Amino acid sequence: MALVPRRRTDPLWMLAPTALLLAVFFFYPLLHAVHTSLHRWDLLTEPRFVGTANYRSLWESGDLLHWTTTTVLFSLVVVTGATGLGLGLALLLNRPGRLVGFVRSAVFSAYVVSWVSVALLWLWVLDADAGALNGLLGFFGFEAVPWLGSPRLALLAVAGVTLWKIAGYGMVLFLAGLQDVPPALLEAAALDGAGRLARFWHITWPLLRPTTLFVVTTSLIASFQVFDVVRVMTQGGPVHATTVFVYAIYEQVFVNLRVGRASAAIVVFFVLLAALTALQLWAWTRRDPSARAPRGSHP
């Protein structure tokens, strides 16, 4: 039997702890960043009101466009790769067996390792002079590749490391989704002459759409929040090729002592995330009308 609140205000009291945490740790810092973005402050002298000068400086210098482009390209590689690789691994390992279970655990183990440990490991693997990967290439007669020293390759290398770490998480989610697919539907389709590809495209894939949305959303969040791997492996270089938004904010505050400029970047970063989230939800509900509740309906 469902519990019915005695008073109309009971749900509000239940939401109060979460709302308080959001107010203290999210809304207040965000409003404080908006206020600070209108000032010039170097952490040493008194803040000086400059209006929208910090925003104009970000735009006119080209930094804002560069950070946005770098972050979006990085996220595109990570989200696409994590979704595709996670789904592929799930389809490959969705079967019983001890060896399969061991491979699942091995793939997922990378997700539970700290970002700093992963970055240090891959820093050794991708080192241009003594790295394991270039050593392997040299064994087969190929020239060494500056994975982290080339502006063209550094961002892809860091994105590959991020993808390597979070692919196991997507795999586990897709495995759970695959095990919820009714076997009777697949057997009926097979009896009707549908091949593996047809069964996947017309039965499995539509049933995996909620799982796919969750994997895409969590991968997008992880890619936009990346910091440790960039800080350890490239420090935003070479030639700012891997300066994503979060690292740029850190650099503005703790290296350049431009707190107002960093706060303006935080505000722009929040607006960008909110716009991407809204766009993603709009695209999902437009593609899947069942995700929208009909007007006038009641639970």
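Preceding this paragraph is the structure being described.
Residues numbered from 1 in each chain as written. Predicted model: local features only at pLDDT ≥ 70, side-chain atom pairs only at ≥ 80, totals over all residues. Heavy atoms only, no water.

(A) Focus on the overall build of the protein chain. Secondary structure summary: the protein chain contains 13 helices and 2 strands in total. In terms of overall dimensions, the protein chain has C-alpha extents of about 75 × 75 × 30 Å along its principal axes. Nonlocal contacts in the protein chain, meaning residues at least 24 apart in sequence, comprise 65% of its contacts between residues at least 6 apart. In the form shown here, the protein chain has an accessible surface area of approximately 18,800 Å², with 69% of it arising from carbon and sulfur atoms. When the 21 basic and 14 acidic side-chain charges of the protein chain are each reduced to a single mean position, those positions are 10 Å apart. (Helix = DSSP H or I, 4+ residues; strand = E, 2+ residues; numbered from the N terminus. Contact = heavy atoms within 4.5 Å. Areas by Shrake-Rupley, 256 points an atom, 1.4 Å probe, with all protein chains shown as cover. Lys, Arg positive; Asp, Glu negative; His and termini not counted. Charge placed at Lys NZ, Arg CZ, Asp CG, Glu CD.)

(B) Structural context of the environment of Leu21. Mapped onto the elements of the fold, Leu21 is located in helix H1 (residues 10–36). For Leu21, a relative accessible area of 53% translates into the label exposed. (Buried < 20%, exposed > 50% of the residue type's maximum accessible area, 1.4 Å probe, protein only.)

(C) Region of interest: the packing of helix H7 (residues 154–178) against helix H10 (residues 209–224). Viewed as axis vectors pointing N to C, H7 and H10 meet at an angle of 165°, and their least axial separation amounts to 10 Å. Considering the angle they form, H7 stands roughly antiparallel to H10. For the element pair H7 and H10, the recorded crossing hand is right-handed. Where H7 approaches H10, its residues Ile166, Tyr169, Gly170, Leu173, Phe174 and Gly177 are matched on the opposing element by Thr211, Thr212, Phe214, Val215, Thr218 and Ser219. (Axes fitted to C-alpha atoms, helices over the stretch in contact; angles between N-to-C directions. Parallel < 35°, antiparallel > 145°, perpendicular 65-115°, else oblique. Left-handed = near helix turned anticlockwise from the far one by under 90°.)

(D) Structural view of the nonpolar core. Of all hydrophobic cores here, the largest spans 22 residues; its most connected members are Phe74, Trp122, Leu126, Val161, Val229, Val230 and Met233. Going through the elements one at a time, helix H3 (63–93), helix H5 (115–125), H7 and helix H11 (228–233) are the ones with two or more residues in this core. Residues contacting Phe74, with those up to four places away along its chain left out, are Leu155, Val158, Ala159, Thr162, Ser223, Val226 and Val244. (Core = buried A, V, L, I, M, F, W, Y, C linked by side-chain atoms within 4.5 Å.)

(E) Expanded view of the pattern of salt bridges. For the structure on display, the rule yields 1 salt bridge. Residues Arg261 and Asp63 are paired through a salt bridge, measuring 3.0 Å at the closest nitrogen-oxygen approach. Linking Arg261 in helix H13 (residues 259–287) with Asp63 in helix H3, this pair joins segments that are 198 residues apart in sequence. Here Arg261 falls in the buried class, since its relative accessible area comes to 5%. (Salt bridge = Lys/Arg side-chain N within 4 Å of Asp/Glu carboxyl O.)

(F) Examining the side chain of Thr70 more closely. Tracing the sequence through the fold places Thr70 in helix H3. A distance of 2.8 Å separates a polar atom in the side chain of Thr70 from the backbone oxygen of His66. (Polar contact = N/O pair within 3.5 Å; in protein donor to acceptor, adjacent residues only side chain to side chain.)

(G) A nonpolar patch on the surface, seen in detail. A cluster of nonpolar side chains, contributed by Leu22, Phe26, Phe27, Phe270 and Val271, occupies part of the molecular surface with about 440 Å² of accessible area. Going through the elements one at a time, H1 and H13 are the ones with two or more residues in the nonpolar patch. Within the secondary structure, Phe270 is located in helix H13. (Patch = residues over 30% accessible without salt bridge, like charges linked within 9 Å, V, L, I, M, F, W, Y side chains within 5 Å.)

(H) Examining the packing of helix H9 (residues 196–207) against H10 more closely. Packing of H9 against H10 brings their axes to within 4 Å, and their N-to-C directions diverge by 55°. When the axes of H9 and H10 are compared, the pair comes out oblique. Counting all contacts with H9, which are made through Trp205, Pro206 and Leu207, the residues of H10 involved are Arg209, Pro210 and Thr212. Per-class residue counts for the contact of H9 with H10 are 4 nonpolar, 1 polar and 1 charged. (Nonpolar A, V, L, I, M, F, W, Y, C, P; charged D, E, K, R; others polar.)

(I) Expanded view of the packing of aromatic side chains. Taken as a whole, this structure holds 14 aromatic pairs when the rule is applied. Relative to Tyr169, the ring of Tyr111 has its centre 4.8 Å away and its plane inclined at 15°; by these criteria the two rings are stacked. Linking Tyr111 in helix H4 (residues 98–112) with Tyr169 in helix H7, this pair joins segments that are 58 residues apart in sequence. Residue Tyr169 is classed as partly exposed on the basis of its relative accessible area, which comes to 22%. Ring-pair connections join several aromatic residues into one group, and the members of that group are Trp67, Phe224, Phe245 and Phe269. We note Lys165 situated over the ring of Tyr111; from NZ or CZ to the ring centre the distance is 5.2 Å. When the ring centre of Trp115 is taken as origin, the NZ or CZ atom of Lys165, which lies over that ring, is 4.8 Å away. (Phe/Tyr/Trp six-rings, centres within 6.5 Å; stacked < 30°, edge-to-face > 60°. Lys NZ or Arg CZ within 6 Å of the ring centre and 35° of its normal.)

Worth remembering: the numbers are spatial, not functional.
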